[in-house]
Amino acid sequence: QELLDEATNERKHLMFFMEIVSPSALERILIILVQFIFWHYYLLMYMLFPRTAHRMTGYFEEEAVQSYTNYLYLIESGQIENIPAPQMAIDYYIDLQEGAMLSDMIVCVRRDEMHHAKINHNYADEYWSNINFLLDKYYYGYVYERAILVYNIQLITTYIMRLKWAMNFYGL
């Protein structure tokens, strides 16, 4: 549930900034295309390497925190206009009051990203500890059993080959 809430939160962030920027049709198509490609890439990554997928997301979130910090600096230094925050953001965040500005919204979004980074790094760490437990309990037992099975098959194959050689040698 926590990861679904995170995904919903990220979609909200996208909607906030799309309302601010008002992208053209071409830009919207590019956004959808990039999301489509990344979704499939991440699905494959998560299926094959879930720990790495969570760690990668944690690093992406840390980079987002840096980007929002830089964005906030540009607003506070006057290089970017501090426009009113979108009504959608004011409705979404309890901390934002009527008349909230873009910088207030970015502080909230940055806080979300910090939380997402922490959650994904925690999932990566927990996954590893769970895997170690499962490896100890199942995987190493499986490898040991498989090694015994392979050894027995090789032993039986060797005996069959020797038996065939002996039968050919004695003309049986």
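Novice: Tell me about the pattern of salt bridges, residues and numbers included.
Specialist: Applying the stated rule across the entire model yields two salt bridges. As a salt-bridge pair, Arg55 and Asp125 come within 2.5 Å of each other at their nearest N and O atoms. One end of the pair, Arg55, is in helix H3 (residues 50–76); the other, Asp125, is in helix H5 (residues 102–169), with 70 residues separating them in the sequence. For Asp125, a relative accessible area of 41% corresponds to the partly exposed category. For Arg111, the salt bridge goes to Asp95, with nearest N and O atoms at 2.8 Å. With Arg111 in helix H5 and Asp95 in the loop between helix H4 (87–92) and H5, the pair connects residues that are 16 residues apart, well separated along the chain.

Novice: Residues and numbers for the nonpolar core, please.
Specialist: Counting 17 residues, the largest nonpolar core has Phe16, Phe17, Leu96, Met105, Ile106 and Val109 as the members making the most contacts within it. Where this core is concerned, the elements lending two or more residues are helix H1 (2–21), H3, H4 and H5. If you tally residues by element for this core, the top one is H5, at five residues. Aside from chain neighbours lying at most four places away, what touches Phe17 is Tyr68, Tyr71, Met105, Ile106 and Val109.

What counts and how
- Residues numbered from 1 in each chain as written.
- Predicted model: local features only at pLDDT ≥ 70, side-chain atom pairs only at ≥ 80, totals over all residues.
- Heavy atoms only, no water.
- Salt bridge = Lys/Arg side-chain N within 4 Å of Asp/Glu carboxyl O.
- Helix = DSSP H or I, 4+ residues; strand = E, 2+ residues; numbered from the N terminus.
- Buried < 20%, exposed > 50% of the residue type's maximum accessible area, 1.4 Å probe, protein only.
- Core = buried A, V, L, I, M, F, W, Y, C linked by side-chain atoms within 4.5 Å.
- Contact = heavy atoms within 4.5 Å.

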